[in-house]
Amino acid sequence: MLLLQDITTPVILPADSLRQVTETIIQKVQEDPNAFWTQLLHNAITFGIKVVIALIIYIIGAWLIKRVKKLLLRIFERRDTERTLASFVSSLVSISMTVLLIIITVSTLGVDTTSLAALLAAGGMAIGMAMSGTVQNFAGGIMLLVFKPFKVGDFITAQGFSGTVTDVSIVSTKIVSTDNHIVVIPNGTLSNGNIDNYSANPLRRVDLEISVAYGADADRCIETILDIVHGDKRIIDAQTPGAADPFVALSSLNASDITFVVRVWVHTPDYWNVRFDLNKSLYTQLPQQGFEFAYPHMDVTLIKN
């Protein structure tokens, strides 16, 4: 009966074994044809039932996988999850469930899945070793998308590059520098390095240092700088949560000058414009008020004998 059962299962046999099985089948048909055809029909029906069950399992499983994928996407959408992360996670879950479904379907047909599972594990290990760098970038991308140290539109400095983030994919991040060239940074190195995000907070402080010559009236110079600062409507004060009033003070006495520190708060989008305009205003208006800018110099006294 073993040989009759085997003929219903697709097996690749060597030529000698195939010849031997053929001869045995012919012999069984000649000895008891009724029993042979009865057993063959029984085995065919049994195998057909297994095929039908496997098809039903596959169809139901494929439907469930689609439902789970759509459910995950809706959950990510409600929680406003990063689109790239949502796509990656849903695809990963879908692929994993599909592989599991194939294994279950094949095992339903009576095929031993131990070898298949071992083959998949070995193949996965080989692919992982061959794509170790890519896997590291995948992991780094997941870290960036989960913890969100920056988002698209932020101005950052990372890995020695500065620019505005235009795209965050699962393996790399693309930024556009201030002189309009594109820099693509692998997420593996990006997630393991320092990231300076200039756009993360709604407010930023502008720090300036102004050096004037010795002999200047310090109090009047501070008042003049404050008047210039207050003339810019983009500069905010302590009435804005998180900000402080403009601050000017004499910070240091140097060899050839005295230095005043200027600290003002602005909204982040106004940072660079305010910094540049304030520099220009101080440079233009301070000399008009009688304050000379200092420069390195040396006084030489000649003694005539």
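For the structure given in this document, a descriptive report is provided here.

### Some words on the packing of aromatic side chains
Working definition: an aromatic ring pair is given by the centre-to-centre distance plus the angle between the planes.
Item 1. For the structure on display, the rule yields four aromatic pairs.
Item 2. Ring centres of Tyr283 and Phe293 lie 5.8 Å apart, and the angle between their planes is 15°; on these two criteria the pair is classed as stacked. In this pair, Tyr283 is assigned in helix H9 (residues 271-288) and Phe293 in the segment after H9, connecting sequence segments 10 residues apart.
Item 3. Cluster of aromatic residues (ring-pair linked, three or more members): Tyr271, Trp272 and Phe276.
Item 4. A cation sits over an aromatic face here: Arg204 above Tyr271, 3.7 Å from the ring centre.

### Side note on the sheet that holds strand E4 (residues 182-186)
Item 1. Strand order in the open sheet formed by five strands is E4-E3-E2-E1-E5, with antiparallel pairing between adjacent strands. Strands with a single pairing partner mark the edges of an open sheet, and in this sheet they are E4 and strand E5 (195-197). Each strand of the sheet is rotated relative to its neighbour by a mean of 40°, with strand direction disregarded.
Item 2. Bridging between strand E1 (residues 155-158) and E5 involves three bridges; their strand directions are antiparallel. Counterpart to Thr157 in the pairing with E5 is Asp196.

### Some remarks on helix H8 (residues 218-230)
Item 1. The end-to-end C-alpha distance of H8 is 18 Å, a good match for the 18 Å that 13 residues give at a rise of 1.5 Å each.
Item 2. For H8, the complete set of buried residues consists of Cys221, Ile222, Thr224, Ile225, Ile228 and Val229. Burial along H8 is one-sided: seen end-on, the buried residues are contained in an arc of 160°. Those residues of H8 that are exposed and angled more than 90 degrees off the buried face are Asp219, Glu223 and Asp227.
Item 3. Turning to H8, the residues buried within the fold contact strand E7 (247-253), strand E8 (258-267) and H9.
Item 4. For H8, the side-chain oxygen to backbone nitrogen distance between the N-cap and Asp219 is 3.1 Å, and the N-cap itself is Asp217.

### Here's the deal with the nonpolar core
Item 1. Of all hydrophobic cores here, the largest spans 22 residues; its most connected members are Ile225, Val262 and Leu282.
Item 2. Mapped by element, the contributors of at least two residues to this core are strand E6 (203-212), H8, E8 and H9.
Item 3. Residues Leu145, Ala158, Val165 and Val183 belong to the second largest nonpolar core, which totals 12 residues.

### Thoughts on the pattern of salt bridges
Item 1. Inspection of every chain in the model, using the stated rule, returns four salt bridges.
Item 2. Of the charged contacts in the structure, one is a salt bridge between Arg205 and Asp207, with a shortest N-O distance of 2.8 Å.
Item 3. The shortest N-O distance in the salt bridge between Arg234 and Asp232 comes to 3.0 Å.
Item 4. Look at Arg234 and you get partly exposed, because its relative accessible area is 28%.
Item 5. When its relative accessible area of 14% is taken as the criterion, Asp232 is described as buried.

### Observations concerning the pairing of E1
Two faces make up the sheet, and in a regular strand the side chains alternate between them.
Item 1. The side-chain alternation of E1 yields one buried face, formed by Ile156 and Ala158, and one unburied face, formed by Phe155 and Thr157.
Item 2. Pairing of E1 with strand E2 (residues 161-168) involves four bridges; the strand directions are antiparallel. If you follow Phe155 over to E2, its bridge partner there is Thr164.
Item 3. Linking two consecutive strands that pair antiparallel, namely E1 and E2, is a turn of two residues; a positive phi of about 55° is found at Gln159 within it.

### Things to note about a positive patch on the surface
Item 1. There is a patch of like positive charges on the surface, built from Lys66, Arg67, Lys70, Arg74, Arg78 and Arg79.
Item 2. Judged by its relative accessible area of 63%, Arg78 is exposed.

### Focus: the side chain of Asn137
Item 1. Structurally, Asn137 is set in helix H6 (residues 132-147).
Item 2. A distance of 3.0 Å separates the side chain of Asn137 from the backbone nitrogen of Gly188, its partner in a polar contact.
Item 3. In this view, Asn137 contacts Ile170, Val171, Pro186, Asn187 and Gly188; residues no more than four positions away in its chain are not counted.

### Quick word on unusual backbone geometry
Item 1. The phi dihedral of Lys148 is positive, around 50°, even though this residue is not glycine.
Item 2. With respect to the helices and strands, Lys148 occurs in the loop between H6 and E1.
Item 3. Taking the relative accessible area as the measure of exposure, Lys148 reaches 44% and is therefore partly exposed.
Item 4. Unusually for a residue other than glycine, Gln159 sits at a positive phi of about 55°.
Item 5. Within the secondary structure, Gln159 is located in the loop between E1 and E2.

### Focus: the sheet that holds E6
Backbone-to-backbone hydrogen bonds join strands into a sheet, with any given pair of strands oriented parallel or antiparallel.
Item 1. Pairing in this open sheet of three strands is antiparallel, and the strands run E6-E8-E7 from one edge to the other. Looking at which strands have only one partner, the edges of the open sheet turn out to be E6 and E7. Taken pair by pair, the neighbouring strands of this sheet meet at an average axis angle of 25°, ignoring direction.
Item 2. Across six bridges, the pairing between E7 and E8 is antiparallel. Each residue of the ladder has a partner; that of Ser252, found in E8, is Thr259.
Item 3. Contacting E7 and E8, H8 runs over the sheet at an angle of about 25° to E8.

Rules behind the numbers
- Per chain, the residues get numbers from 1 upward, laid out in the order the sequence is written.
- Predicted model: local features are reported for residues with pLDDT of at least 70 only, side-chain atom pairs are reported and counted for 80 or more only, and whole-chain, interface and lining totals are derived from all residues.
- Side-chain numbers here rest on the full set of heavy atoms in the structure, without hydrogens or water.
- Think of it this way: a Phe, Tyr or Trp ring, Trp meaning its six-membered ring, pairs with another when their centres are within 6.5 Å, and the plane angle makes it stacked under 30 degrees, edge-to-face over 60, tilted otherwise.
- Counting from the N terminus, the helices are the DSSP runs of H or I reaching at least four residues and the strands are the DSSP runs of E reaching at least two.
- Comment: the charge-over-ring label is applied if NZ (Lys) or CZ (Arg) is within 6 Å of the ring centre and within 35 degrees of the ring normal.
- Between any two strands, at least two bridges found by DSSP are needed for them to pair.
- What counts as an axis is a line fitted to C-alpha atoms, over the stretch in contact for a helix, and the angles between N-to-C directions run from 0 to 180 degrees.
- Each helix should span, by expectation, one fewer than its residue count multiplied by 1.5 Å.
- Here's how the labels work: a residue is buried when its accessible area is under 20% of the maximum for its type, exposed when over 50%, partly exposed in between, all with a 1.4 Å probe on protein chains only.
- Directions are taken from the helix axis to each C-beta atom, and the arc is the one they span.
- Here, two residues are considered to be in contact whenever any of their heavy atoms come within 4.5 Å of each other.
- Pairs of N or O atoms are called polar contacts if they sit within 3.5 Å, as long as, within protein, a hydrogen donor faces a hydrogen acceptor (for residues adjacent in sequence, only side-chain-to-side-chain pairs).
- Take the buried residues of types Ala, Val, Leu, Ile, Met, Phe, Trp, Tyr and Cys, join any two whose side-chain atoms come within 4.5 Å, and each joined set is a nonpolar core.
- The salt bridge criterion pairs a side-chain nitrogen of Lys or Arg with a carboxyl oxygen of Asp or Glu, the two atoms within 4 Å.
- Patch building starts from residues that exceed 30% relative accessible area and form no salt bridge, then joins like charges within 9 Å and nonpolar side chains (Val, Leu, Ile, Met, Phe, Trp, Tyr) within 5 Å.
- A 1.4 Å probe and the Shrake-Rupley method give the accessible areas. Residues count as covered only by the protein chains that appear here.
- Neither His nor the chain ends is counted toward charge; the positive residues are Lys and Arg and the negative residues Asp and Glu.
- Working definition for charges: the position is that of NZ of Lys, CZ of Arg, CG of Asp or CD of Glu.

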